[in-house]
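Observations on chain architecture
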Amino acid sequence: MKLDIETIKRRLLIKYPLFGSIVAATEFVKDNNCYSNGVPTAGTDGKKVYYHEDALNNITEDEQVFLFAHEVCHIALNHINRSEGKDKEVWNIATDGVINALLKKDGLPLIEGSVDIKKAINYDAEELY
């Protein structure tokens with residue numbers, strides 16, 4: 001599915017109106033050097049969302065919404081700043097697990113290879129960490 005950032009932003013705003021100000025204020029930056037664990041994908045520095053356009057063109061629009069909702073959740077939940085003093089890899093797995101459990105419960109399809117921890121729905125990131 002050809003990536004259309006404006007369509008994805010609109011869907012995020014409709015599905016998650018509480019994140020509206022974050023979605024509106026977040027810059028979405030095409031970066032074809034954006035990889036996670038060696039896989040072309042998306043990421044955030046806590047302020048901007050970076051995405052690998054070629055990779056996103058190869059997934060469905062619902063999966064694109066999942067991916068951007070996932071990154072916006074990292075921003076909204078301040079995961080980058082909350083990682084201080086923690087093992088970065090373990091913290092990332094914990095935060096991904098919590099976010100993905102919430103998005104999955106909300107009906108968004110997980111992307112193949114995403115962290116999927118069923119019990120994460122019962123925890124916040126620090127508890128799961």
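Our structure is the block above this text.
This write-up is about the structure you can find in this document. (Residues numbered from 1 in each chain as written. Predicted model: local features only at pLDDT ≥ 70, side-chain atom pairs only at ≥ 80, totals over all residues. Heavy atoms only, no water.)

Turning next to the side chain of Ser83. Mapped onto the fold, Ser83 is located in the loop between helix H5 (79–82) and helix H6 (88–105). Of note is the side chain of Ser83, whose polar atom sits 2.6 Å from the backbone oxygen of Ile80. Excluding residues that lie within four positions of it along the chain, Ser83 makes contacts with Lys88 and Trp91. (Helix = DSSP H or I, 4+ residues; strand = E, 2+ residues; numbered from the N terminus. Polar contact = N/O pair within 3.5 Å; in protein donor to acceptor, adjacent residues only side chain to side chain. Contact = heavy atoms within 4.5 Å.)

Here Asn78, not a glycine, exhibits a phi torsion of approximately 55°, which is positive. If you trace the backbone, Asn78 turns up in the loop between helix H4 (61–76) and H5. The exposure class of Asn78 is partly exposed, given its relative accessible area of 36%. (Buried < 20%, exposed > 50% of the residue type's maximum accessible area, 1.4 Å probe, protein only.)

On to H6. Taking 1.5 Å per residue, 18 residues should reach 26 Å; H6 reaches 26 Å between its end C-alpha atoms and fits that length. Residues of H6 that are buried: Trp91, Ala94, Thr95, Asp96, Gly97, Val98, Ile99, Asn100, Ala101 and Leu103. Those residues of H6 that are buried lie in contact with H4, H5 and helix H7 (125–128). A distance of 3.0 Å separates the backbone nitrogen of Glu89 from a side-chain oxygen at the start of H6, and that oxygen is part of Asp87. Two residues or fewer after H6 comes Gly107, characterised by a positive phi angle close to 100°. (Expected span 1.5 Å × (residues − 1).)

Next up on the list: the packing of aromatic side chains. Evaluated as defined, the whole model comprises four aromatic pairs. When the centroid spacing of 6.2 Å and the interplanar angle of 35° are considered together, the rings of Tyr16 and Phe19 count as tilted. Looking at Tyr16, the relative accessible area reads 15%, which means it is buried. Look at Phe19 and you get partly exposed, because its relative accessible area is 22%. Connected via pairs of aromatic rings, a cluster forms that spans Phe28, Tyr51 and Phe68. (Phe/Tyr/Trp six-rings, centres within 6.5 Å; stacked < 30°, edge-to-face > 60°.)

Relative orientation of the contacting elements helix H1 (residues 5–15) and H4 amounts to 70°, with a least axis distance of 10 Å. By the angle between their axes, H1 is roughly perpendicular relative to H4. Judged by the twist between their axes, the crossing of H1 over H4 is right-handed. Between H1 and H4, the residues in contact are Ile5, Thr7, Ile8, Arg11 and Leu12 and Glu61, Asp62, Gln64, Val65, Phe68, Ala69 and Val72, respectively. Among the residues making up the contact of H1 with H4, the classes are represented as seven nonpolar, two polar and three charged. (Axes fitted to C-alpha atoms, helices over the stretch in contact; angles between N-to-C directions. Parallel < 35°, antiparallel > 145°, perpendicular 65-115°, else oblique. Left-handed = near helix turned anticlockwise from the far one by under 90°. Nonpolar A, V, L, I, M, F, W, Y, C, P; charged D, E, K, R; others polar.)

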